[in-house]
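Tertiary structure, described
Here is how the chains run, residue by residue.
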Amino acid sequence: MANIVILTGAGISAESGLKTFRDQDGLWENHPIEAVATPEGYQANPQLVREFYNARWKQLKDADVAPNAAHQALARLEAEHQGRVTLVTQNVDDLHERAGSRRVIHMHGQLTKARCPVSQQVFPKTEPFSESTVCTCCIPHYPLRPHIVWFGEMPLQMERIENELAQCDLFISIGTSGSVYPAAGFVELANQLGAQTIELNLEPSQVASQFQQTRYGRASETVVELVEQILKSPQ
Ligand code: APR
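This write-up is about the structure you can find in this document. Residue positions are counted from 1 within each chain, in the order its sequence is given. Restriction of local features to residues with pLDDT of at least 70 applies here, the model being predicted, together with a cutoff of 80 or more for giving and counting side-chain atom pairs; totals for whole chains, interfaces and linings are based on all residues. Remark: hydrogens and water are excluded; side-chain values derive from all non-hydrogen atoms of the structure.

Before going further, it helps to examine the layout of surface pockets. Definitions used for this entry: grid spacing 1 Å over protein atoms alone; cavity, a set of points where a 1.4 Å probe fits but cannot get out; pocket, an open set with protein on both sides within 12 Å along at least 5 of 7 lines; lining residue, one with an atom within 4 Å of a point. Grid points are joined across faces, edges and corners, and a volume is the space filled by probe spheres set on the points. Looking at the second largest pocket, its volume works out to about 200 Å³. In this structure, the second largest pocket is lined by 15 residues; those nearest its centre are Ala2, Leu170, Gln196, Ile230 and Ser233. Numbering of helices and strands runs from the N terminus; a helix is a DSSP stretch of H or I covering at least four residues, while a strand is a stretch of E covering at least two. Taken together, the elements giving at least two residues each to the lining of the second largest pocket come down to strand 8 (196–201), strand 9 (213–216) and helix 8 (219–232). Residue contributions to the lining of the second largest pocket peak at three residues, all from helix 8.

On to the site of the ligand, then. We call a residue near a molecule or strand as soon as one heavy atom of that residue lies within 4 Å of the molecule or strand. Residues in close proximity to the ligand total 23 residues, the closest being Ala10, Phe21, Arg22, Thr176 and Ser177. Counted as a polar contact is a pair of N or O atoms within 3.5 Å, where, for protein atoms, one must be capable of donating a hydrogen and the other of accepting one, and residues adjacent in sequence contribute only when both atoms are in side chains. Here an oxygen atom of the ligand and a backbone polar atom of glycine 175 are 3.4 Å apart. Separating an oxygen atom of the ligand from a side-chain N or O atom of glutamate 203 is a distance of 2.9 Å. Where accessible areas are quoted, they stem from the Shrake-Rupley method and a 1.4 Å probe; at the residue level, only the protein chains shown are allowed to cover. In isolation the ligand exposes 730 Å². Once the protein is present, 92% of that is buried.

What follows is about the sheet that holds strand 2 (residues 85–89). Taken in spatial order, the six strands of this open sheet run 3-2-1-7-8-9, and their pairing is parallel. Among the strands making up the open sheet, the edge pair consists of strand 3 (104–106) and strand 9. Taken over all neighbouring pairs, the strand axes of this sheet differ in orientation by 15 degrees on average, direction set aside. Along the sheet, helix 4 (residues 69–80) makes contact with strand 1 (4–8), strand 2 and strand 7 (170–174), crossing strand 1 at roughly 165 degrees. Two strands are said to pair when DSSP picks up at least two bridges between them. What counts as an axis is a line fitted to C-alpha atoms, over the stretch in contact for a helix, and the angles between N-to-C directions run from 0 to 180 degrees. It only takes one pair of heavy atoms within 4.5 Å for two residues to be counted as in contact.

Salt bridges, as used here, are contacts in which a Lys or Arg side-chain nitrogen is within 4 Å of a carboxyl oxygen on Asp or Glu. Overall, the coordinates contain eight salt bridges when judged by the stated rule. Ionic pairing is found between glutamate 80 and arginine 76, a salt bridge with its closest N-O pair at 3.2 Å. Pair noted here: glutamate 80 and arginine 76 are both in helix 4, with a separation of four residues, about one helical turn. Glutamate 80 sits in the partly exposed class, given a relative accessible area of 41%. Judged by relative accessible area, arginine 76 falls into the partly exposed class, the value being 35%. Note that arginine 145 and glutamate 153 form a salt bridge whose closest N and O atoms lie 2.8 Å from each other. For each residue, the accessible area found with a 1.4 Å probe, counting protein chains only, is set against the maximum for its type, and the residue is called buried under 20%, exposed over 50%, and partly exposed in between.

Within 6.5 Å between ring centres, the rings of Phe, Tyr and Trp (the latter by its six-membered ring) count as paired, and their orientation is classed by plane angle as stacked under 30 degrees, edge-to-face over 60, tilted in between. Throughout the structure, instances matching the rule amount to four aromatic pairs. Ring centres of phenylalanine 52 and tyrosine 53 lie 5.0 Å apart, and the angle between their planes is 85 degrees; this geometry places the pair in the edge-to-face category. We note that phenylalanine 52, like tyrosine 53, is buried. Arranged with centres 6.3 Å apart and planes meeting at 15 degrees, the rings of phenylalanine 171 and phenylalanine 211 form a pair that is stacked. Remark: phenylalanine 211 occurs in the loop between strand 8 and strand 9 and phenylalanine 171 occurs in strand 7; sequence separation between them is 40 residues. Directly above the aromatic system of tryptophan 57 lies the positively charged group of lysine 125, at a separation of 4.3 Å from the ring centroid. Charge-over-ring placement is defined geometrically: NZ (Lys) or CZ (Arg) within 6 Å of the ring centre, and within 35 degrees of the ring normal. Above the ring of tryptophan 150, the side-chain terminus of arginine 145 is found at 4.0 Å from the ring centroid.

We now examine the state of the cysteines. For this text, the term disulfide refers to a pair of cysteine sulfurs within 2.5 Å. Per the stated rule, a full pass over the model turns up zero disulfides. Looking at the unpaired cysteine 116, the closest cysteine sulfur is the one in cysteine 137, lying at 3.6 Å. Free of any disulfide, cysteine 135 has its nearest neighbouring cysteine sulfur in cysteine 137, separated by 3.8 Å.

Moving on, we come to unusual backbone geometry. A cis geometry characterises the amide bond from isoleucine 139 onward to proline 140, with omega recorded as 0 degrees. Structurally, proline 140 can be placed in the loop between strand 5 (122–124) and strand 6 (145–148). If you check the backbone angles, glutamine 120 has positive phi at about 70 degrees while not being a glycine. By secondary structure assignment, the location of glutamine 120 is in the loop between strand 4 (109–115) and strand 5.

Pasting the structure below:
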């Protein structure tokens, strides 16, 4: 039974209406990345950062933001494939979970969670961030921060991810530009460990040449096609 590790990036959620990071208008709206996606930016202007992530969290609740066929195909693969399927996502949206995927590792955090800046305890995000949304784990209580990995911070669950990569027979990268490490380095590790490696993207990523196979097109088509092929092939 082949063990499969899948890495997803913003491109898999593009057809669900969520902007990718390196589109023309970019996800950062008119904010420089430093202002809204670094610990220094949060330190300098916590209210601006809270509002930025409150807006992205509220957007997830828009009726027209829903899992697309690519998310659904990955959930089907996890449900029907005999071997283990582990989904490592750089995305902070909850579309994989809403499509039914269960083994999901959010290495860059989640919009649907909040974190105590002192104890690092993680809470479900049930209300917009404000100065008064505070932790319940410390005295005095501290304002909760977004459970998002900012530039300069360590990605989450790296040991578990490396362990899954070490045991995988097939590594599939979907909808990522391969411009941010450590995720962009996973293909090299998978190749070294003897796994088959496939890139599905709209256009060649910055690490495209390291994949044994590449397929270009929209994720809602390429992912559905590949999942059907995997489920049809002998397990
Ligand atoms: N189908 C498939 N791929 C797509 C689609 C689509 N419909 N639309 C866009 N793409 C591809 C783009 O060609 C691009 O290569 O998705 C990729 C998105 O790349 P980025 O915008 O760089 O997003 P990502 O790779 O996820 O960024 C990685 O960078 O900014 C940080 O923490 C942030 O997690 C993010 C990380």
